[in-house]
Amino acid sequence: MTGFGGVKSVVVVGLGMTGLSVVKHLLRQPEALIVKVIDTRETPPGQDHLPENVELYSGGWQQEWLLEADLIVTNPGIALASPQLQPAIKKGTPVVGDIELFAWAVKAPVIAITGSNGKSTVTDLTGEMANAAGVKTAVGGNIGFAALDLLEQDADLYVLELSSFQLETTSSLKLKAAAFLNLSEDHMDRYQGMADYRQAKLRIFDHADVCIVNRDDKETYPDTADKTLISFGFDARDEYGCVEENGQFFLAKNNTPIIAANELGLVGKHNIANSLVALALLDAAGVNTDKTLETLKRYNGLTHRCQVVAEMNGVRWVNDSKATNVASTLAALSGLSIEGKLHLLVGGVGKGADFSELSPALNKLDLMMYCFGDDGDKFLTLDSRSQHCKTMDEAIEKLFPTLSEGDMVMLSPACASFDQYANFMARGDAFTQLAKQYSVES
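Here goes a summary of the coordinates provided. If you're wondering where the values come from, they're calculated on a predicted model, not measured in any experiment.

**Points about the environment of W317**
Within the secondary structure layout, W317 lies in strand β16 (residues 315-319). Considering only alpha carbons, one finds W317 and V409, 92 residues apart in sequence, at a separation of 4.7 Å. A distance of 3.3 Å separates a polar atom in the side chain of W317 from a polar atom in the side chain of S439.

Structure below.
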């Protein structure tokens, strides 16, 4: 199925920003579609913006609507394996997501990025670089704007961040280039294991002209040999990598230097890889990357991702709230340069992750670790320099009197936020507010 042919009744499962974008898109279609919305929350976000002719069932499931629908469009947060969807699926009703609807409608070229970590930075950076090269580019998907809302922009290129959840319900998205950055344990509360999680990510390559893979992570390679592959890594191999000349480290293409690593606006080894991927994606899409190098020099990253939000008396406060899994926190720790002590804030909802992988990185650092939230106690055995706190506020209240010049306070939780915050952005904003408040007091 690649369009609305024969469809009369559509049920949208899950409201919020994505659900509203789906409803608006459906109502714009030339076909006179009957659109209904189901949301299990009693008061779904966005319900005040639903058109009057769209019926809403909230606070549970409406099985009769699902069985009567010609098409079901689910929110990424709802797994295809959900028992409530099974009767409709067995009946043969197509179940898709907003990205599949985007695929049916989009006219301009699209490039997309997935991976356990770094995909938001790569997506945002790629969009910035494309716009700097004079290509009108719209950026969204799992970051910023919902993909269907991007169709209302006048764009010559679309850059999408795609999560495994979004890819589960996407079957026909044609891409000029797709990147699979890395694979590490995450969302084990949704998937049967790492192989299941990986297969969801690999769907990004199904209809991609060029597949960009990580030489240092073979799990990012497609399982079939019929794909056009371009790789990135830190070695001096052909394609996208790194070379050393006259004692200086450069990002390179086919062993030819492009830009010195110390000229990048982003810091940390993982951001060298992110920059290489952005260059590879844009080259594959036919964008002149010579015009993008100044952007690479000035781009300093996303909010909530290794972002310095306050600095006072030689103490830096770093918001890395987007580190919602172990690998993301490991990446943040590996790129650190600290004169004093690291005061690390971790915890939240662990999603079934194994936190023991953090131990080697923690052992190398002069730190104190403050563990909060639902799974905060699971970090305590990783390092003897740990304290348990109920909340992030309590953790900062404890650590503040111990701060000295050269120290860093970093929120890099390795967990989801929804035990105490609406999302990782709200958690990062709360940390930023506390950082500024305590910096003034110091």
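Now, onward.
**Quick word on the pattern of salt bridges**
Under the defined criterion, the tally for this structure stands at 16 salt bridges. Where K136 meets D154, a salt bridge forms, and the shortest distance between an N and an O atom there is 2.7 Å. Pair noted here: K136 is in the loop between α5 (119-132) and β7 (137-141) and D154 is in the loop between α6 (147-150) and β8 (157-161), with a separation of 18 residues, a long-range link. Since its relative accessible area comes to 39%, K136 is described here as partly exposed. Judged by relative accessible area, D154 falls into the exposed class, the value being 58%. Of the charged contacts in the structure, one is a salt bridge between E219 and R198, with a shortest N-O distance of 3.5 Å. Here E219, found in the loop between β10 (211-214) and β11 (229-232), pairs with R198, found in helix α8 (residues 194-202); they are 21 residues apart in sequence, far enough to count as distant. Connected via shared salt-bridge partners are R198, E219 and D223.

**Digging into the packing of aromatic side chains**
Counted according to the given criterion, the structure contains 10 aromatic pairs. Centre to centre, the rings of F165 and Y191 are 6.2 Å apart; their planes meet at 45°, and the pair counts as tilted. Of this pair, F165 sits in helix α7 (residues 164-168) while Y191 sits in the loop between β9 (177-180) and α8, placing them 26 residues apart in sequence. You can call Y191 buried: its relative accessible area is 7%. A centroid spacing of 6.2 Å and a plane angle of 50° characterise the contact between W317 and F431, whose relative ring orientation is tilted. Of this pair, W317 sits in strand β16 while F431 sits in helix α14 (residues 424-441); the two residues are 114 residues apart in sequence, bridging distant segments of the chain. In textbook terms, an aromatic cluster arises when at least three aromatic residues are bridged by ring pairs, as seen for W317, F400, F431 and Y438. Lying across the ring of F165, R190 places its NZ or CZ 3.7 Å from the centre. Directly above the aromatic system of F234 lies the positively charged group of K269, at a separation of 4.6 Å from the ring centroid.

**Notes on the side chain of K351**
Summarising the element assignment, K351 is placed in the loop between β17 (342-347) and α12 (359-363). Polar contacts involving the side chain of K351 include one to the main-chain carbonyl oxygen of T324, which spans 3.1 Å. Among residues more than four places away in sequence, those in contact with K351 are D186, H187, M188, D189, T324, D375 and A416.

Rules used throughout
- Residues numbered from 1 in each chain as written.
- Predicted model: local features only at pLDDT ≥ 70, side-chain atom pairs only at ≥ 80, totals over all residues.
- Heavy atoms only, no water.
- Helix = DSSP H or I, 4+ residues; strand = E, 2+ residues; numbered from the N terminus.
- Polar contact = N/O pair within 3.5 Å; in protein donor to acceptor, adjacent residues only side chain to side chain.
- Salt bridge = Lys/Arg side-chain N within 4 Å of Asp/Glu carboxyl O.
- Buried < 20%, exposed > 50% of the residue type's maximum accessible area, 1.4 Å probe, protein only.
- Phe/Tyr/Trp six-rings, centres within 6.5 Å; stacked < 30°, edge-to-face > 60°.
- Lys NZ or Arg CZ within 6 Å of the ring centre and 35° of its normal.
- Contact = heavy atoms within 4.5 Å.

Everything listed is a geometric property; what it means functionally is a separate question.
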